[in-house]
Amino acid sequence: MKAKFIFITGGVVSSLGKGITAASIGLLLKSRGVKVVNQKFDPYLNIDPGTMNPYQHGEVFVTVDGGETDLDLGHYERFTDVPLHKFNNTTAGKVYLSILDRERSGGYQGNTVQVIPHVTDEIKSRILKTADETDADVIITEVGGTVGDIESLPFIEAIRQIKYAVGKDNCIFVHLGLLPYLKECGELKTKPMQHSVKELLGFGIQPDIIMCRSEKPLTRSIREKLGLFCNVTQDAIIENLSAKSIYEVPLMLEKEGLGKKLCKVLGLPDTPPALDEWKAMVQRFYNPEKEVTIALVGKYVELHDAYLSVAEALTAGGIHHNARVKIEWIDSEKITEGTAAEILGKASGIIVPGGFGDRGTAGMILAAQYAREKKIPYFGICLGMQIAVIEFARNVLGMTDANSSEFNAACEYPVIDLMPDQQGVKLGGTLRLGEFRCVITEGSLAEKAYKLHDLVERHRHRYEFNNLYRPQFEASEMLLTGRNPERNLIEIVELKGHSWFVGVQFHPEFGSRPNRPHPLFRDFIGAAIKG
């Protein structure tokens, strides 16, 4: 079947949930047996979010092939369970860089390079590339930003042109906008949505479906007004109410008839959706039998989106155990020797996720020490594993000046050090990125979780366990239970005699799904519940 395209735009205000909408559409179609793939186009000029401050952008989601991408790709993967790649996230920076590189090498043969057709052609080629690189029946594309933003205009023009390139029967536009509720008059207001659609029409795009984010249900009169002024039929007006959980959103949209309407407009068979497993997962989330408190110790905790995949993986682990996971977001800079017990004392488990730079690492080291000494389940991810290694080296192996060369290049015991191939490289896109093998020791906690001895996980880091200190660790109670065979790099550490103490150099959170939690997160939450 020739690939069909769905384009999702947003209007009125930002942060309405286009990413969740795109992910939900993917799930609804996949549940009907349609092969889908999601992608996102961001209008900012960064090449990718890899070098952006987490407070600016939230987490960086890593694809299987090492792409540093927008966090919405995490939503896409968690909802559709379809692995994504570098080409599934395009920024304006990538588009312009490609064009300028081509111009400098004479690729335009002396012609004037313009927004139309050259920029729009580059965007279109990247949209269509996803169809060429995958066997998807439907390509779901989220256009970042808000309709009317100057930086997103080339993307809007490109998707307008796509409709005529692939045929009107193979392309639809979904527009998400806000219907604000005014308490003073007790009414939902349609005018912002009307103006947003009018602006989209001004760019030559008539939305096939409009999705209305609102606090209150849409009345019949509201629907009639929207249909009249936005040129859509009643079944193309989809109510998108706020939900207690993002995982309920696709079920709400299915109830609203979105799946049926998408199939109708795209000419796809409307088979009954297989959503029973998803519904059961949502029910378990809403009806926990117990609660467990997890202390998430990090340096970016003021913005929870900086650890979005970690938080969702913890939630998934809780759903598996019919437990509500209460996350205590702890700023590592506030942990001192005098406050550690007070801050961490109520937690049944401690997790230290990834990060860069030395700010806040002193508090993380104290958190790892507290977990080790008090026998509290500990899960260290990337930086969190390195923190556990540094703490153990200092307080157990007697290497009082042990550190990472990232934090102190002149330390006496650099138990964490820069990989040789990372010397002198540029920052952007040069980390150890993507999937790499890990061979696991028999009888380890990791083996009990995975039930595998050889696996692959996603990475994003520049510093590694320093093999010069392997003999000291191998003779201690810190077990080196995971290793990358190609480069002989340590991937997993565990603590002998501890109920559950695991540090991993990779990022297991990216592989977790709400209805199928990652094995390590599942067992970490299980250990925290058991106590």
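Residues numbered from 1 in each chain as written. Predicted model: local features only at pLDDT ≥ 70, side-chain atom pairs only at ≥ 80, totals over all residues. Heavy atoms only, no water.

J.: Requested: an account of the pairing of strand 2 (residues 36–42), with residues and values cited.
T.: Within strand 2, seven of the seven residues are buried, leaving the element largely enclosed by the surrounding structure. What you see with strand 2 is no split at all: Val36, Asn38, Lys40 and Asp42 on one side and Val37, Gln39 and Phe41 on the other are buried throughout. Here strand 2 pairs with strand 6 (residues 138–143) via six bridges, running parallel. Paired with Asn38 across the two strands is Ile140, which belongs to strand 6. The pairing of strand 2 with strand 5 (residues 89–91) spans three bridges and is classified as parallel. The residue of strand 5 that forms the bridge with Asp42 is Thr91. (Buried < 20%, exposed > 50% of the residue type's maximum accessible area, 1.4 Å probe, protein only. Helix = DSSP H or I, 4+ residues; strand = E, 2+ residues; numbered from the N terminus. Pairing = 2+ DSSP bridges.)

J.: Describe in detail empty space enclosed by the protein, supporting the description with residues and values.
T.: Going through the model one piece at a time under the given rule, you end up with two cavities of 30 Å³ or more. Every residue along the wall of the largest cavity is listed here: Gly355, Phe356, Cys382, Leu383, Gln386, Glu406, Arg460, His461, Arg462 and Tyr463. Residue assignment for the lining of the largest cavity shows that the elements contributing at least two residues are helix 15 (383–395) and strand 19 (454–461). Considered class by class, the residues forming the lining of the largest cavity number four nonpolar, three polar and three charged. (1 Å grid on protein atoms, 1.4 Å probe; cavity = no way out; pocket = protein on both sides within 12 Å on 5 of 7 lines; lining within 4 Å. Points joined across faces, edges and corners; volume = space filled by probe spheres on them. Nonpolar A, V, L, I, M, F, W, Y, C, P; charged D, E, K, R; others polar.)

J.: Could you give an account of the environment of Ala158, with specific residues and numbers?
T.: Its location among the elements puts Ala158 in helix 6 (residues 153–166). Residue Ala158 is classed as buried on the basis of its relative accessible area, which comes to 0%. Taking the C-alpha atoms as reference points, Ala158 and Ile127, separated by 31 residues in sequence, lie 9.2 Å from one another. Discounting residues that sit within four places of it in the chain, Ala158 has contacts with Thr120, Ile123 and Lys124. (Contact = heavy atoms within 4.5 Å.)

J.: Could you give an account of the packing of helix 5 (residues 115–133) against helix 6, naming the residues involved and the relevant values?
T.: When two helices pack together, their arrangement is given by the angle between their axes and by how far apart the axes lie. Remark: helix 5 packs on helix 6, axes separated minimally by 9 Å, with the N-to-C direction vectors making an angle of 65 degrees. Considered as vectors, helix 5 and helix 6 are oriented roughly perpendicular to each other. Where helix 5 crosses over helix 6, the handedness of that crossing is right-handed. Two secondary-structure elements touch here, helix 5 through Val115, Ile116, Val119, Thr120, Asp121, Ile123, Lys124, Ile127 and Leu128 and helix 6 through Pro154, Phe155, Glu157, Ala158, Ile159, Gln161, Ile162 and Val166. Its residues placed into classes, the contact of helix 5 with helix 6 shows 12 nonpolar, two polar and three charged. (Axes fitted to C-alpha atoms, helices over the stretch in contact; angles between N-to-C directions. Parallel < 35°, antiparallel > 145°, perpendicular 65-115°, else oblique. Left-handed = near helix turned anticlockwise from the far one by under 90°.)

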